[in-house]
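# A structural walkthrough
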Amino acid sequence: MSAVGSDSSTGSEVKGASRTATASARRGRRVRMTGKERREQLLDIGRALFAERGFEGTSVEEIAHQAGVSKPVVYEHFGGKEGLYAVVVDREMRVLLDMVTSALTGGHPRELLEQAAFALLDYIEQSTDGFRILVRDSPVAQSTGTFASLISDIATQVEDILGLEFKQRGFDAKLAPMYAQALVGMVALTGQWWLDARRPKKAEVAAHLVNLAWNGLSGLEPKPRLIGHRKA
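Residues numbered from 1 in each chain as written. Predicted model: local features only at pLDDT ≥ 70, side-chain atom pairs only at ≥ 80, totals over all residues. Heavy atoms only, no water.

On the UniProt side, "DNA-binding region" (unreviewed entry) is annotated at positions that read residues 59-78 here. Taken as a whole, residues 59-78 contains 80% helix and 0% strand, while its terminal C-alpha atoms sit 13 Å from one another. (UniProt positions renumbered as here; feature names shortened; annotations may be inferred. Helix = DSSP H or I, 4+ residues; strand = E, 2+ residues; numbered from the N terminus.)

Scanning all chains against the criterion turns up 6 aromatic pairs. Where F166 meets F171, the ring centres are 5.7 Å apart and the plane angle is 85 degrees; that geometry is what we call edge-to-face. Centre to centre, the rings of F166 and Y179 are 5.3 Å apart; their planes meet at 75 degrees, and the pair counts as edge-to-face. Taken together, the residues span a long stretch of sequence, with F166 in helix α9 (residues 147-169) and Y179 in helix α10 (residues 176-197) at a distance of 13 residues. On the basis of relative accessibility, which here comes to 10%, the residue F166 falls in the buried class. By the ring-pair criterion, three or more aromatic residues cluster together here, those being F50, F55 and Y85. Above the ring of F55, the side-chain terminus of K81 is found at 4.3 Å from the ring centroid. (Phe/Tyr/Trp six-rings, centres within 6.5 Å; stacked < 30°, edge-to-face > 60°. Buried < 20%, exposed > 50% of the residue type's maximum accessible area, 1.4 Å probe, protein only. Lys NZ or Arg CZ within 6 Å of the ring centre and 35° of its normal.)

Next up on the list: the pattern of salt bridges. In total, this model carries 11 salt bridges according to the counting rule given. Close ionic contact of K202 with D122 constitutes a salt bridge, the shortest N to O distance being 2.6 Å. In this pair, K202 sits in helix α11 (residues 202-215) while D122 sits in helix α6 (residues 109-126), placing the two residues 80 residues apart along the sequence. (Salt bridge = Lys/Arg side-chain N within 4 Å of Asp/Glu carboxyl O.)

Turning our eyes to something else, we now look at the side chain of R38. One can find R38 in helix α2 (residues 35-53). No salt bridge forms around the buried R38; measuring N to O, its nearest opposite-charge neighbour E37 is 8.0 Å away. Sequence-distant contacts of R38, defined by excluding residues within four places in its chain, comprise M33, A67, V69, V73 and H77. (Lys, Arg positive; Asp, Glu negative; His and termini not counted. Contact = heavy atoms within 4.5 Å.)

Within the span of helix α3 (residues 60-67), buried status applies to V60, I63, A64 and A67. Each buried residue of α3 sits inside an arc of 95 degrees when the element is viewed along its axis, so together they form one side. Contact partners of the buried residues in α3: α2, α4 (71-78) and α5 (81-103). Positive phi shows up at G68, right after α3, with a value of about 75 degrees. (Arc of directions from axis to C-beta.)

The subject of this paragraph is the confidence of the model for the chain. Per-residue pLDDT for the chain averages 83, and the proportion of residues at 70 or more is 83%. Residue range residues 20-30 is modelled with pLDDT below 50. Its contacts to residues more than four positions away, or to other chains, number 0 contacts. (pLDDT = per-residue confidence, 0-100.)

Structural data, given as structure tokens:
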């Protein structure tokens, strides 16, 4: 009897030790994130959720759940959902503005239009979630900037180029800011439509945008072609 009891006890101890070892191994495999890594993880998760569900449809609970942390961790890093959203929007605005600004490398004015159109379409293609976030309305948009204000910033980059072109052609350079807003706004609104349509192809969309901007309705080319080095 005592031998059997001893064997049973030993078996239980072995099983208990095995479970403890397994739990310890799991804890050992769990990688602890640094504060910076956790912040980036929360930004990535928040960005995806905001793009899919919008600001109102996203909760701190869902962000924390997907990150595998408690809600206080989200508050610790961003002060709440509004703070996280503000950082996401600010990052996307800077990325888009940098892409457009760096794309305007010079050349013929028509090629500059092509470069601006491609920059926005490239951003939509490469950062679809980011663009969806930028074009949504949200309660914190006034404090973080809006898509309209971003378009205005891009138009400011374009108006200097248009101003020089107007002077060379004998036009009133004071009208350059208005034309810059019109041109950039046209590209931006077309980009919003193309976000879901994705037809025709990007290069064809750019060619038709420039066709309308450069030639006007009265001088549209039936089959516009790109003159710059970008063909796709």
